[in-house]
Amino acid sequence: MNPLLAPLSTLDHQVFTTKEAASRGLTPFDLVRLVKAGELEHLARGVYAFPGAEGERAEQRHLRLAAGVCRLYPDAVLTHHSAVLALGLPVWGANLSKAHLARNVPAERIAQHWVIRPRPPWLEQVKGSVGSCASVAATTVHHALESGSVAGIVAADFALHEKRLTVPELEAMAAHVAGWPRSHHVTTMLAHMDGRSESPGESRLRVDLSMAGIDVVPQVTITDASGKFVARVDLLVRGTNVVIEFDGLVKYRDRGFEALVAEKAREDELRRLGFVVLRFVWSDLANPGRIVRRVREAMAASPHNVDLHPGSKVG
């Protein structure tokens, strides 16, 4: 490592400001030279960092940017998708090119790499991985306002499932933004969120179906006629024998062939009991119309008003 950089390498997240670099003997000329040499990255105006890992995801780079902005503005509170990431919630459908934060400023300020908004008096803050963040409830509501209802639902489902958030907390926070531009995104989020979904992919799939008018129940426990456990399925179309599974492939990657065999046996047993099993993966979510058509076709072939046999339950 360049000896000039050693004093900066111990800073949190290896991110620092121009002022911090100057206090350790680095001039603006030094910083430009080190960026050209590939020893530093220029994340934003006044913010530098050691290079990220090879193959760094957009979410990780955004967190480094957010960390740098928090160093630049120590009074900043991260909001919107910046806070979503810093709080460890899933982000889907957000533009990660700018960090979002609130400060005690009179008006909104937009720069190339960040957006600063006035901090509302009701905004509570909590500790995040790279700085102070808006509360989980405020973060989720702001995220829906900025990135849309589905993005909000994905984050809200996760937070509700992890018991980091309650519905009343979200409703109270939504009341603060009623009448704001795009507040209908928050209203839609409240109508469709469900903490029973266990992954962002399941949330996306459920919302696509729900918004198409297909009534699905998340995380249904299926038993056989004797009450013996058979499976807990991601989604069941209410009143039918149509089971819908989202396959994120994580379990197969982690457990390999063993997981594939177990999943095949589980699916065979569901089919033996008369259930139709449809499986979808992340790439399918790019075409929600096709998903809806496949589910409707399965529903059309399903007996009407199917009841789960005795011993089954919705969990």
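Residues numbered from 1 in each chain as written. Predicted model: local features only at pLDDT ≥ 70, side-chain atom pairs only at ≥ 80, totals over all residues. Heavy atoms only, no water.

### What about the overall build of the chain?
Item 1. A count of helices and strands for the chain gives 12 helices and 14 strands.
Item 2. Here the chain displays about 15,400 Å² of accessible surface, and carbon together with sulfur accounts for 55% of that area. (Helix = DSSP H or I, 4+ residues; strand = E, 2+ residues; numbered from the N terminus. Areas by Shrake-Rupley, 256 points an atom, 1.4 Å probe, with all protein chains shown as cover.)

### Focus: the pattern of salt bridges
Item 1. In this structure the tally under the stated criterion is 22 salt bridges.
Item 2. For Arg238, the salt bridge identified is with Asp215, shortest N-O distance 2.8 Å. Residue Arg238 is found in the loop between β11 (229-237) and β12 (242-246), and its partner Asp215 is found in the loop between α9 (200-211) and β10 (216-223); the two are separated by 23 residues along the sequence.
Item 3. Lys264 is the partner of Asp268 in a salt bridge, and the nearest nitrogen-oxygen pair spans 2.8 Å. Here Asp268 and its partner Lys264 are both found in helix α11 (residues 257-272), 4 residues apart, which amounts to about one turn of the helix.
Item 4. The exposure class of Asp268 is partly exposed, given its relative accessible area of 38%.
Item 5. What you see here is one network of salt bridges that share partners, running through Glu41, Glu56, Arg61 and Arg64. (Salt bridge = Lys/Arg side-chain N within 4 Å of Asp/Glu carboxyl O. Buried < 20%, exposed > 50% of the residue type's maximum accessible area, 1.4 Å probe, protein only.)

### Describing the sheet that holds strand β2 (residues 41-44)
Item 1. Read from one edge to the other, the open sheet built from 3 strands follows the order β1-β3-β2, with strand pairing classed as antiparallel. The two strands at the open ends of the sheet, each matched to only one other strand, are β1 (15-17) and β2. Across the sheet, the mean angle separating the axes of adjacent strands is 35° when strand polarity is ignored.
Item 2. Bridge count between β1 and strand β3 (residues 47-49): 3 bridges; the pairing is antiparallel. (Pairing = 2+ DSSP bridges. Axes fitted to C-alpha atoms, helices over the stretch in contact; angles between N-to-C directions.)

### Examining the nonpolar core
Item 1. In this structure, Leu78, Val141, Val186 and Met189 are the most contacted members of the largest nonpolar core, which totals 52 residues.
Item 2. Counting 16 residues, the second-largest nonpolar core is a separate cluster that includes Leu205, Leu235, Val237 and Val242. (Core = buried A, V, L, I, M, F, W, Y, C linked by side-chain atoms within 4.5 Å.)

### Regarding the packing of helix α7 (residues 167-176) against helix α8 (residues 183-192)
Item 1. Two elements in contact, α7 and α8, have axes separated by 10 Å at closest approach and are oriented at 165°. Considering the angle they form, α7 stands roughly antiparallel to α8. Crossing of α7 over α8 shows left-handed handedness. In contact with Leu170, Glu171 and Ala174 of α7, α8 contributes Val186, Met189 and Leu190. (Parallel < 35°, antiparallel > 145°, perpendicular 65-115°, else oblique. Left-handed = near helix turned anticlockwise from the far one by under 90°. Contact = heavy atoms within 4.5 Å.)

### Side note on the packing of helix α6 (residues 149-161) against α9
Item 1. Remark: α6 packs on α9, axes separated minimally by 9 Å, with the N-to-C direction vectors making an angle of 130°. Compared by their axis directions, α6 and α9 come out oblique. Viewed along their axes, α6 and α9 form a crossing whose handedness is right-handed. Within the contact between the two elements, α6 uses Ser149, Val150, Ile153, Val154 and Asp157 and α9 uses Pro200, Ser203, Arg204, Arg206, Val207 and Met211.
Item 2. Residue classes in the contact of α6 with α9 are distributed as 6 nonpolar, 2 polar and 3 charged. (Nonpolar A, V, L, I, M, F, W, Y, C, P; charged D, E, K, R; others polar.)

### Some remarks on unusual backbone geometry
Item 1. Of note, His13 is a non-glycine position whose phi angle comes to about 65°, a positive value.
Item 2. One non-glycine residue, Gln14, lies in positive phi territory at about 55°.

### Considering the pairing of β11
Item 1. When you tally the buried positions in β11, you get 7 out of 9 residues, the bulk of the element.
Item 2. What sits between the antiparallel neighbours β10 and β11 is a turn of 5 residues, in which Gly227 has the positive phi angle 90°.
Item 3. Where β11 lies against β12, 2 bridges are found, and the strand directions are antiparallel. Across the sheet, Leu236 pairs through a bridge with Val243, a residue of β12.
Item 4. Counted between consecutive antiparallel strands, the loop separating β11 from β12 contains 4 residues, among which Gly239 sits at a positive phi close to 80°.

### As for the side chain of Gln219
Item 1. Relative to the assigned elements, Gln219 resides in strand β10.
Item 2. On the basis of relative accessible area, Gln219 is assigned to the buried category, the value being 2%.
Item 3. There is a polar contact of 2.9 Å between the side chain of Gln219 and the side chain of Glu202. (Polar contact = N/O pair within 3.5 Å; in protein donor to acceptor, adjacent residues only side chain to side chain.)

### Overview of α7
Item 1. Within α7, the full set of buried residues consists of Leu170, Met173 and Ala174. Down the axis of α7, the sector holding all buried residues measures 105°, keeping them to one side. For α7, exposure combined with an orientation more than 90 degrees from the buried face picks out Pro168 and Ala175.
Item 2. Residues of α7 that are buried sit in contact with α5 (136-147), α6 and α8. (Arc of directions from axis to C-beta.)

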